[in-house]
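Here is what each chain is made of, one letter per residue.
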Amino acid sequence: MKLAIREKTDKAARLIFRMTGLMVIAILAGIFLMLLWNTVAFFLKVRAFDFITGSQWDPSGNPANYGMLPLLMSTTLVTFGAMGIAIPLGIGTASFLSDYAGKKLKSVLKPAIEMLASVPSVAIGFLGIVVLGPGIAGITGQSNGLNALNGAVLLAIMSLPTIITVTQDALEGVPNTYKEASYSVGANRWQTLIQVTIPAAAPGILAAVMLGVGRAIGETMTVLMATGNTSAFPKGFFHSVRTMTATIAIEMGEVPYQTTHYYALFAVAAVLFLMTLLVNIVGEHFVNKYRKYQAS
Amino acid sequence: MNEEQIKLAATAANLWFGRKQVLKNVSVAFPKNKITALIGPSGCGKSTLLRCFNRMHDLSNDVTIEGKFLLEGEDLYKGSLSATEVRRRIGMVFQQANPFPKSIYENINYGLKINDIPKEERQEIIEHALKESYIWDEVKDDLQKPATRLSGGQQQRLCIARAVALRPEVILMDEPCSALDPISTSKIEELILKLKKDYTIVIVTHNMQQAQRVADQTVFMYLGEIIEAGDTSQIFDEPGMELTKNYVQGHFG
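None of these values were measured; they are calculated from a predicted model.

### Re the overall build of chain A
Summing up its helical and strand segments, chain A has 12 helices and 2 strands in all. Starting at the N terminus and ending at the C terminus, chain A contains elements arranged as α-α-β-β-α-α-α-α-α-α-α-α-α-α. Projected onto the principal axes, the alpha-carbon positions of chain A cover approximately 80 × 70 × 35 Å. When contacts within chain A are restricted to residue pairs at least 6 apart in sequence, those whose partners lie at least 24 apart make up 73%.

Right under this line is the structure:
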C-alpha cells in the first residue's frame, strides 16, 4: 500500500517538474515568436535595408522615418565607451584580488564588489543625473551632462562586478605551476602576471568581457536616465544619444496598437535580441573553451 | 664534507606553516660541483627545505622562517640580495614538468627576457641550453612547436634547459623524475651527472636507487630534522643511525 503511494507521488512530481520545464521553453518560444511576428509585419511595410541603414529615426514625422542607424550607433558608442572604462578597471581589480591583495583586504573587497552588482539600475541612473551629469557639465561647460559619456561611465560601473568576478576566477584558475616556473627564473610578480598568468587566462578574460558587453547592450533604465535621449545621429561622447533600449522604453507606452511605429519598435527589439544573443554565444564559447583548457 | 668548498648551506633553520613546525633546527651544507640527494619519507620537509634556498616560500603567506641560508657565505634572505636575484642564481626544476603554454623557444627565451639579456645573444644561449640539456636533437627542427606537445621526459629536459640557460650557480631539483618512465628517467639522470661539472645540484628524491646512482652526498631527513648526512656510499652501506638504516633498506617510507 505504502509503496503504491510512493510510486504515485514520484509520478506526480515528475509530471510537475516536466510541466515547469516545458513552461519555460514555451515562454521563451512565445517571446521569440511574438518578436518575429511583429518584426515580419514591420518589414512588410518598410524595407529591412532602409530600416538598418536609414539615418533618421522620426516615427511621428510626415512622412515617418524608420532609420535605426542612429539608435544602433548610440548603443554601440555607449557600449564601447563603457567597455573602454570597465575592461582595464575590471582586469586590474581582478589581478589585484588574485595576485596582490592580502586575505583581509580580499575579504572586504570581494563582498563589496558583489554588492555593487545588486544596486538597482534605477539608482545608478539617479546617480548619473544628480552627480555625474552636473560633474561632466561642469568640466565641459555644457548646460547639462546627460550624454553618451555619462551613460558609458554608469554602464561601466554596472558591468564591473561581472567582469571582475569572471576574470578573477580565470586568473585564479591558472595552474600554480606556471607561476612557480616564472618565479623560478627570476621574474617578479608584475612580470609573471603580465607575461604568464594573464595570457594563460585569456579565454576566461575574454568571456568576462563578453558577458560585460552583453550586460551593457541590454541595460535600459540607466541609459534612459543618463544619456539625454536625443534621437539624432550621435556625434560623440559629449553629445546626447538615444540607445535602442531607451527608444523602446520611451516610445512603447505611447504608440498606438499595431501601427507601423508599433511594429518598428519590435523590429528594434529583434535587432537588440540578435546582438545580445551573438555576444552571449561568443562569451559562452570562450567560457567552454576555458573549462576544457582547465580540465586538461 | 669539510675539506670541500661549500656552495650552499643552511644553519639552524626552522620553518613553520602557520603553527605547524616543518623544519626543526636544520643545518646542512652542499659542496660545490657535487650532487647532493635529499631523501626521507613523504612529509619530512625535503621539498620545504629545498624551497627555502630559492625563496619560494616568499610567495605564500603564513610561513615563518628562522635561521640562515647561505650562498657562498652570502645571506639569501638579508642584505642586498632580492628574491628575484636569488632565484636567478639558484635555478629550480619541479616535480611536475611545468613548461609555459608557449613555444619551445619562448620557454627558454622568457627567462632571458626577464633578466634583460640582450636580444642578439639569446639565440645562441637558447641553442646552447637545449644542447646542454640533451634535447636539442629532438626539437631543433621545430622550436616554435608548443612545449606542451612534447613528451613528459622531453618537457622535463626542457625545464632543465630553461633553468641552465640563466647560468645559475645551483640547480634545485624537486623529484624531477617522479612522473617519468624509466627511459626518460635514465636520460635525465645522465643529464644530471653531466651538469655536475658546471653546477652544484641538490636533488630531492624518493627513489633510493636514483640517489645511489647520481648523488655524491646524501642527506637523510625525518620529521623535519636531519638525521644523518654524508657520502652516499656511507649512508647506504654503513649508516650510522638505526633510523637511516631502516629507511634506506626500505623498512618504512
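Read on for the rest.
### Observations concerning the overall build of chain B
If you tally the helices and strands in chain B, you get 10 helices and 10 strands. Since a compact globule built from 253 residues should have a radius of gyration of about 18 Å, the 18 Å found for chain B is in line with a globular shape. Along the first, second and third principal axes, the C-alpha atoms of chain B reach 55 × 40 × 35 Å. For chain B, the proportion of its 253 residues judged to be buried stands at 44%. Restricting to contacts in chain B with at least 6 residues of sequence separation, those with at least 24 account for 68%.

### Overview of the UniProt feature "transmembrane region" (unreviewed entry) in chain A
UniProt annotation of "transmembrane region" (unreviewed entry) refers to residues 21-44, 64-91, 112-136, 148-171, 192-217 and 262-282 of chain A when read in the numbering used here. Across residues 64-91 of chain A, the secondary structure splits into 82% helix and 7% strand, with the terminal C-alpha atoms separated by 45 Å.

### Points about the UniProt feature "domain: ABC transmembrane type-1" (unreviewed entry) in chain A
Within this numbering scheme, the UniProt entry marks residues 72-283 of chain A as carrying the feature "domain: ABC transmembrane type-1" (unreviewed entry). For residues 72-283 of chain A, the helix share is 78%, the strand share is 0%, and the end-to-end C-alpha distance is 21 Å.

### Considerations on the environment of B:Gln96
As for its placement among the helices and strands, B:Gln96 is situated in the loop between strand S6 (90-93) and helix H3 (104-114). Measuring from C-alpha to C-alpha, the distance between B:Gln96 and B:Gly152 comes to 8.8 Å, with 56 residues separating the pair along the chain. Setting aside residues up to four positions removed in sequence, B:Gln96 forms contacts with A:Thr177 and B:Ala179.

### Here's the deal with unusual backbone geometry
Between A:Asn62 and the following residue, A:Pro63, the backbone shows a cis peptide bond with an omega angle of 0 degrees. Examined against the element boundaries, A:Pro63 turns out to sit in the loop between strand S1 (57-58) and strand S2 (65-66). We note that B:Asp116 has phi near 60 degrees; this positive angle belongs to a residue other than glycine. Mapped onto the fold, B:Asp116 is located in the loop between H3 and helix H4 (119-132).

### Side note on the interface of chain A and chain B
In this complex, chain A contributes 15 residues to the contact, which on the side of chain B involves 20 residues. A total of 6 residues in the side of chain A that touches chain B trace back to one element, the largest contributor, which is helix H7 (residues 176-184) of chain A. Residue composition of the side of chain A that touches chain B, grouped by class: 7 nonpolar, 6 polar and 2 charged.

### Quick notes on the environment of B:Ile192
Residues and elements named next belong to chain B. Here Ile 192 shows up in helix H7 (residues 182-195). Considering only alpha carbons, one finds Ile 192 and Gln 95, 97 residues apart in sequence, at a separation of 15 Å. Once residues within four sequence positions are removed from consideration, Ile 192 is found in contact with Ile 35, Ile 201, Ile 203 and Val 214.

### Thoughts on the sheet that holds strand S9 (residues 217-222) of chain B
Residue and element names in this part refer to chain B. The mixed open sheet is built from 6 strands, whose spatial order is S6-S7-S8-S3-S9-S10. Every interior strand has two partners, whereas the edge strands, S6 and strand S10 (225-231), have only one. Here the strands of the sheet are splayed against their neighbours by 15 degrees on average, with no regard to which way each runs. Sheet topology places strand S3 (residues 35-39) next to S9; 4 bridges connect them, and they run parallel. By the bridge assignment for S9, Ala 37 is matched with Thr 218.

### Looking at helix H9 (residues 202-218) of chain A
Counted at 1.5 Å a residue, the expected span for H9(A) with its 17 residues is 24 Å, and the 25 Å between its end C-alpha atoms agrees. Within H9(A), 14 of the 17 residues are buried, leaving the element largely enclosed by the surrounding structure.

### Here's the deal with the UniProt feature "domain: ABC transporter" (unreviewed entry) in chain B
In the UniProt entry, the feature "domain: ABC transporter" (unreviewed entry) is given for residues 6-248 of chain B. Annotation note: span residues 6-248 of chain B, helix share 37%, strand share 28%, distance between end C-alpha atoms 26 Å.

### Points about the packing of helix H6 (residues 152-164) of chain B against H7(B)
Residues and elements named next belong to chain B. Where H6 meets H7, the closest approach of the two axes is 9 Å, and the angle between their N-to-C directions is 15 degrees. Between H6 and H7, the angle is such that the two are roughly parallel. Two packed elements cross with a definite hand, and for H6 against H7 that hand is right-handed. Along the contact surface, H6 presents Gly 152, Gly 153, Gln 156, Arg 157, Ile 160 and Val 164, while H7 presents Ser 184, Lys 187, Ile 188, Leu 191 and Leu 195. Looking at the contact of H6 with H7, its residues break down into 5 nonpolar, 4 polar and 2 charged.

### Digging into the pairing of strand S1 (residues 6-17) of chain B
Residues and elements named next belong to chain B. With 8 bridges joining them, S1 and strand S2 (residues 20-31) adopt antiparallel strand pairing. By the bridge assignment, Leu 15 is partnered in S2 with Leu 23. Adjacent in sequence and paired antiparallel, S1 and S2 are bridged by 2 residues, among which Gly 18 carries a positive phi angle near 65 degrees. Where S1 meets strand S4 (residues 63-71), 8 bridges bridge the pair, whose relative direction is antiparallel. Within S4, the residue paired with Leu 15 across the bridge is Ile 65.

### A closer look at the packing of H3(B) against H4(B)
The description of two packed helices rests on the angle between their axes and on the distance between the axes. Residue and element names in this part refer to chain B. In the contact formed by H3 and H4, the axes pass within 10 Å of each other and the chain directions differ by 120 degrees. Between H3 and H4, the angle is such that the two are oblique. Classified by chirality, the crossing of H4 by H3 is right-handed. Contact residues: H3 offers Tyr 105, Ile 108, Asn 109 and Leu 112, while H4 offers Arg 122, Ile 125, Ile 126 and Ala 129. Taken together, the residues of the contact of H3 with H4 break down into 6 nonpolar, 1 polar and 1 charged.

### Details of the pairing of strand S7 (residues 170-174) of chain B
Consecutive side chains along a regular strand alternate between the two faces of the sheet. Residues and elements named next belong to chain B. Of all 5 residues in S7, 5 are buried, a share of seventy percent or more. Alternating positions in S7 separate into two faces, Val 170, Leu 172 and Asp 174 on one and Ile 171 and Met 173 on the other, with burial throughout. As defined by bridge partners, S6 adjoins S7 across 4 bridges and the pair is classed as parallel. Note on S7: the bridge partner recorded for Met 92 is Leu 172. When S7 meets strand S8 (residues 200-204), the two strands line up parallel, connected through 5 bridges.

Rules of the game
Residues numbered from 1 in each chain as written. Chains lettered and ligands numbered in written order. Predicted model: local features only at pLDDT ≥ 70, side-chain atom pairs only at ≥ 80, totals over all residues. Helix = DSSP H or I, 4+ residues; strand = E, 2+ residues; numbered from the N terminus. Contact = placed C-beta atoms within 7 Å. Rg over C-alpha atoms; globule rule 2.2 N^0.38 Å. Buried ≥ 20, exposed ≤ 12 C-beta atoms within 10 Å, placed from the backbone. UniProt positions renumbered as here; feature names shortened; annotations may be inferred. Nonpolar A, V, L, I, M, F, W, Y, C, P; charged D, E, K, R; others polar. Pairing = 2+ DSSP bridges. Axes fitted to C-alpha atoms, helices over the stretch in contact; angles between N-to-C directions. Expected span 1.5 Å × (residues − 1). Parallel < 35°, antiparallel > 145°, perpendicular 65-115°, else oblique. Left-handed = near helix turned anticlockwise from the far one by under 90°.

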